[in-house]
Amino acid sequence: MQRRRRTALLLSAALAAPLLTACGSDAHPGAAAVVGGERITQAQVEERVREVRDAQRAVVTEDEQYRQVVAQTGTLARFTVQAMVLDRVLHHAADEAGVTVTPREVQDLRTNLEQQLGGRQGLENTWLQQYGVAPGRLEENLRLQVAASELAQRLGTETDTPVFTEALAASSKDLGIEINPRYGTWDAEKSARADLRTPWVKDVEA
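Now for a description of the structure that goes with this document. (Residues numbered from 1 in each chain as written. Predicted model: local features only at pLDDT ≥ 70, side-chain atom pairs only at ≥ 80, totals over all residues. Heavy atoms only, no water.)

Across its full length, the protein holds eight helices and five strands. A buried classification covers 46% of the 206 residues belonging to the protein. Contacts spanning at least 24 positions in sequence make up 67% of the contacts within the protein whose residues lie at least 6 apart. Taken as a whole, the protein presents about 10,500 Å² of accessible surface, with 49% of it coming from carbon and sulfur. (Helix = DSSP H or I, 4+ residues; strand = E, 2+ residues; numbered from the N terminus. Buried < 20%, exposed > 50% of the residue type's maximum accessible area, 1.4 Å probe, protein only. Contact = heavy atoms within 4.5 Å. Areas by Shrake-Rupley, 256 points an atom, 1.4 Å probe, with all protein chains shown as cover.)

Quick look at the structure:
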């Protein structure tokens with residue numbers, strides 16, 4: 001179970017520290033990204049962001065403190081696009097490797113984390129504050145953590161090794177990922193998003 005806890009932290013680090021390169025999605029109006037030919041719409045991204053903001057507001061009720069929280073997480077939309085794309089990349093890699101995740105495995109992980117973090121509320125607050133995961137998305141995120149751990153085991157490695165990174169890179173290339181330039185670019189080799197340094201592209205989070 002220690003391995004799965006570590007996986008959660010490693011995946012969050014990957015989301016928080018993206019790298020470089022890819023192409024835009026001009027051929028897909030309204031798309032924040034296209035993964036394997038399927039669109040992640042801007043509306044879906046905005047809904048995820050709204051869920052996180054609503055959850056943050058429920059925890060931080062004082063206006064000034066809430067404004068500080070929003071300021072500290074100002075790149076939430078880009079972070080969310082990164083997370084939604086990476087979810088699909090990882091699940092595709094896991095499917096290709098024949099990995100299956102059972103409800104029991106997800107529940108076991110949840111129980112273990114709740115014991116470590118002070119119960120359900122402690123787990124939800126930690127995932128919200130550290131990983132930008134709203135309580136309503138916690139279950140699917142834990143399923144992702146289990147899938148990452150099982151994939152690493154299937155590959156005979158850990159989630160922080162070149163072997164694991166290469167598996168995600170192969171999945172990224174197979175899916176043919178495009179990112180709307182307003183949200184950055186995608187590097188298939190690193191399976192990560194990065195900011196586009198183009199002054200003519202409007203910052204949607206400004």
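Still more to cover.
Turning our eyes to something else, we now look at the packing of aromatic side chains. The relative placement of two aromatic rings is captured by the distance of their centres and the angle of their planes. All told, the structure shown has one aromatic pair when counted by the stated rule. When the centroid spacing of 4.6 Å and the interplanar angle of 90 degrees are considered together, the rings of tryptophan 127 and tyrosine 131 count as edge-to-face. One end of the pair is tryptophan 127 and the other is tyrosine 131, both in helix H6 (residues 119–131) and four residues apart, which spans about a single turn. Here the basic side chain of arginine 57 rests over the ring of tyrosine 66, its NZ or CZ set 4.7 Å away from the ring centre. (Phe/Tyr/Trp six-rings, centres within 6.5 Å; stacked < 30°, edge-to-face > 60°. Lys NZ or Arg CZ within 6 Å of the ring centre and 35° of its normal.)

Close approach of charged atoms allows side chains of opposite charge to pair. In total, this model carries eleven salt bridges according to the counting rule given. The salt bridge partner of arginine 104 is aspartate 108, with a shortest N-O separation of 3.1 Å. Remark: aspartate 108 and arginine 104 occur in helix H5 (residues 103–117); sequence separation between them is four residues, near one turn of the helix. A residue is classified by how much of its surface remains accessible, and aspartate 108, at 32% relative accessible area, is partly exposed. Close ionic contact of glutamate 140 with arginine 137 constitutes a salt bridge, the shortest N to O distance being 3.4 Å. Each of the salt bridges in this network shares a partner with another, and the network as a whole consists of Arg48, Glu51, Arg137 and Glu140. (Salt bridge = Lys/Arg side-chain N within 4 Å of Asp/Glu carboxyl O.)

On to the packing of H5 against H6. Interaxial distance between H5 and H6 falls to 7 Å at its minimum, and their mutual angle equals 90 degrees. Taken as axis vectors, H5 and H6 run roughly perpendicular relative to one another. Judged by residue contacts, Arg110, Leu113, Glu114 and Leu117 of H5 engage Gly119, Arg120, Gly122, Leu123, Glu124, Thr126 and Trp127 from H6. Residue composition of the contact of H5 with H6, grouped by class: four nonpolar, three polar and four charged. (Axes fitted to C-alpha atoms, helices over the stretch in contact; angles between N-to-C directions. Parallel < 35°, antiparallel > 145°, perpendicular 65-115°, else oblique. Nonpolar A, V, L, I, M, F, W, Y, C, P; charged D, E, K, R; others polar.)

Time to look at the pairing of strand E1 (residues 31–35). In terms of residue burial, E1 counts as a mostly covered element, since five of its five residues are buried. Both E1 and strand E2 (residues 38–41) contribute to a ladder of four bridges, which runs antiparallel. Bridge pairing in E2 links valine 35 to glutamate 38. The loop that links E1 with its antiparallel partner E2 comprises two residues; one of these, glycine 36, has a positive phi angle of about 60 degrees. Of the pairings in the sheet, the one linking E1 to strand E3 (residues 178–179) comprises two bridges and is antiparallel in character. Bridging from a neighbouring strand, valine 34 pairs with glutamate 178 of E3. (Pairing = 2+ DSSP bridges.)

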